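# Coordinate inspection notes
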Amino acid sequence: MTEQAIRKVGFIGLGIMGRSMAANLVKAGFDVTVWNRTAARMQPLLEMGARGASSPRAVAEASEAVITIVTDSDDVEQVLFGPEGAAHGARPGTVVIDMSTISPERTRRMAERLAEKDVHMLDAPVTGGDVGARDGTLSIMVGGDEGVFRRCLPIFEAMGRHIVHVGPSGAGQTVKLCNQVIVALNLLAMGEGLAFAAKAGVDLEKMLSVVQKGAAGSWALDNLAPRVLRGDYAPGFMVKLQQKDLRLALEAAAGMNLPLLGTSLVQQLLRSVQAYGGDDDGTQAIVTALERVGNFRLRGSADERPRENK
Ligand code: NAP
């Protein structure tokens, strides 16, 4: 007997990423039930036709698949296994899809706990930033049972464009950490390229417009460098979240006895951004640390804003 297509999707975590991803599920015609810790953030989704729930448990009671996209491993554990957690409301056969970026090891343990209740878990972290979440063009890397993955594919297709099953439970998070290592180094590459151009006195826009199209091209150059030139340090991806991801990557690397020299350097530069009060800035604020190190100023520098020295 073929299993019925999943129509009822629960959604937990309506932050920068989650609110757009949930909106895309509503637009694709899924029957969506949402919950967010800060209840006011549910309002725009309710206006689009989603139902609101009073707890993660209530989300699971109303859903065949439950998506979580919160912050870190402890937060996923809280919304799944806390007193009003989704695990308590999930029926056998329900699929939990965690799309946060968290520890691969903790993911495997949570999947085992859910399996004891005959609840499936896929880890399905994403990349593509706030822009990809809004446009429904995320890349999604999925770990877990392949049959369950195939059943959930229409859900992923409503939110993303490049969707790959990468292996068993935890493999999605491992691939996401590979992604974050590369993202971190592209961020530094963007910052040092801009620093070099600023100090040498060439036109920053012209430099960008030509190098973007060649071998130096990257997502960071296309999406973050223009924000730097506009003096826009609002977060697509917050410094504190990038630091979470680099901590996860460095912890996993330490467990394998693998030195990650460049990644550690980016972590230290972003720590300087944090020391100057930039936890909630977008990661493009790495240029402000480079400005301090190199004693130069880009136009529209974040350092021109008043800052609390932490
Ligand atoms: P965000 O804007 O800070 O949103 C975090 C969400 O998680 C909020 O809805 C928050 O609720 C909720 N939350 C956090 N801890 C919770 C807890 N203990 N219990 C219940 N709810 C909790 O972050 P984001 O940028 O959307 O990122 C979410 C996840 O996606 C992170 O794992 C991040 O690493 C990953 N990610 C982000 C990006 C990006 O570009 N932003 C890209 C790829 C992956 P409140 O509203 O109550 O605070």
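Refer to the structure above for everything that follows.
Residues numbered from 1 in each chain as written. Predicted model: local features only at pLDDT ≥ 70, side-chain atom pairs only at ≥ 80, totals over all residues. Heavy atoms only, no water.

## Let's talk about helix α1 (residues 16-27)
Every α-helical turn comprises 3.6 residues, leaving residues that sit three or four positions apart pointing alike. Its 12 residues place the ends of α1 18 Å apart at the C-alpha level, agreeing with the 16 Å of an ideal helix rising 1.5 Å per residue. Three or more residues of α1 are buried, namely M17, G18, S20, M21, A22, A23, N24, L25 and V26. One or two positions beyond α1, positive phi appears at G29, with a value near 95°. (Helix = DSSP H or I, 4+ residues; strand = E, 2+ residues; numbered from the N terminus. Expected span 1.5 Å × (residues − 1). Buried < 20%, exposed > 50% of the residue type's maximum accessible area, 1.4 Å probe, protein only.)

## Let's talk about the pattern of salt bridges
Per the stated rule, a full pass over the model turns up 13 salt bridges. Here D130 ties to R227 by a salt bridge, and the two come within 3.6 Å at their closest N and O atoms. Of the two residues, D130 is situated in helix α6 (residues 129-135) and R227 in helix α10 (residues 219-229); the sequence distance between them amounts to 97 residues. In this structure D130 comes out as buried when scored by relative accessible area, which is 15%. (Salt bridge = Lys/Arg side-chain N within 4 Å of Asp/Glu carboxyl O.)

## Remarks on the packing of helix α11 (residues 239-255) against helix α12 (residues 261-275)
Close contact between α11 and α12 brings their axes to 10 Å; oriented N to C, the two are set at 150°. The orientation of α11 with respect to α12, classified from their angle, is roughly antiparallel. Crossing handedness for the pair α11 and α12: left-handed. Along the contact surface, α11 presents V239, K240, Q242, Q243, L246, R247 and L250, while α12 presents T263, S264, V266, Q267, L270, R271, V273 and Q274. (Axes fitted to C-alpha atoms, helices over the stretch in contact; angles between N-to-C directions. Parallel < 35°, antiparallel > 145°, perpendicular 65-115°, else oblique. Left-handed = near helix turned anticlockwise from the far one by under 90°. Contact = heavy atoms within 4.5 Å.)

## Some details on the side chain of D72
With respect to the element layout, D72 can be found in the loop between β4 (65-68) and α4 (73-81). Among residues more than four places away in sequence, those in contact with D72 are I102, K244, R247 and L248.

## Examining the packing of aromatic side chains
On inspection of all chains with the given rule, the structure shows 1 aromatic pair. The ring of F30 has R7 sitting right over it, with the charged end atom 4.6 Å from the ring centre. Over the ring of F81 we find R113; its NZ or CZ atom is 3.9 Å from the centre of that ring. (Phe/Tyr/Trp six-rings, centres within 6.5 Å; stacked < 30°, edge-to-face > 60°. Lys NZ or Arg CZ within 6 Å of the ring centre and 35° of its normal.)

## What about the environment of G143?
Within the secondary structure, G143 is located in strand β8 (residues 138-143). Each C-alpha atom, one on G143 and one on P168, is 4.9 Å from the other, the two residues being 25 residues apart in sequence.

## A few points about the pairing of strand β9 (residues 160-167)
As judged from the 6 bridges shared by β8 and β9, these two strands associate in the parallel manner. Looking at β9, one finds that V142 is bridged to H165. This β-α-β element, β8 to helix α7 (residues 146-157) to β9, shows right-handed connectivity. (Pairing = 2+ DSSP bridges. Right-handed = clockwise from strand over helix to strand, strands pointing away.)

## A closer look at the site of the ligand
If you check the shell around the ligand, you find 27 residues, and the closest are I16, N36, T38, R41 and T71. With respect to the ligand, the backbone of I16 contributes an N or O atom lying 2.9 Å from an oxygen atom. Between the ligand and the protein, one listed contact pairs a nitrogen atom with a side-chain N or O atom of D75 at 2.9 Å. In isolation the ligand has 900 Å² of accessible area, and contact with the protein removes 90% of it. Only α1, α4, α6 and α11 provide two or more residues apiece to the shell around the ligand. Per element, the largest residue contribution to the shell around the ligand is 3 residues, and it comes from α11. Looking at the shell around the ligand residue by residue, the class counts come to 11 nonpolar, 9 polar and 7 charged. (Near = heavy atom within 4 Å. Polar contact = N/O pair within 3.5 Å; in protein donor to acceptor, adjacent residues only side chain to side chain. Areas by Shrake-Rupley, 256 points an atom, 1.4 Å probe, with all protein chains shown as cover. Nonpolar A, V, L, I, M, F, W, Y, C, P; charged D, E, K, R; others polar.)

## So, the nonpolar core
If you look at the biggest cluster of nonpolar residues, it comprises 36 residues, and the most contacted ones within it are F11, M21, L25, I97, M99, I155 and F156. Counting residues per element, the ones that place at least two in this core are β1 (8-12), α1, β2 (31-35), β4, β5 (95-98), β8 and α7. Sort the elements by how many residues they give to this core and α1 lands first, with 6 residues. If you look at the next biggest cluster of nonpolar residues, it comprises 30 residues, including L188, A220, A289 and L298. (Core = buried A, V, L, I, M, F, W, Y, C linked by side-chain atoms within 4.5 Å.)

## A word on the side chain of S100
The topology assignment puts S100 in the loop between β5 and α5 (104-115). Given a relative accessible area of 2%, S100 falls into the buried group. Among the polar contacts made by the side chain of S100, one reaches the main-chain amide nitrogen of V70 at a distance of 3.0 Å. A distance of 2.7 Å separates the side chain of S100 from the side chain of D98, its partner in a polar contact. Apart from residues lying up to four places away in sequence, S100 is in contact with T68, I69, V70, T71, V76, P125 and Q173.

## Details of the pairing of β8
Within β8, 5 of the 6 residues are buried, which leaves it mostly tucked inside the rest of the structure. In this sheet, β8 lies alongside strand β7 (residues 126-127) in antiparallel orientation, the contact comprising 2 bridges. Note that in β8 the partner of T127 across the bridge is S139.

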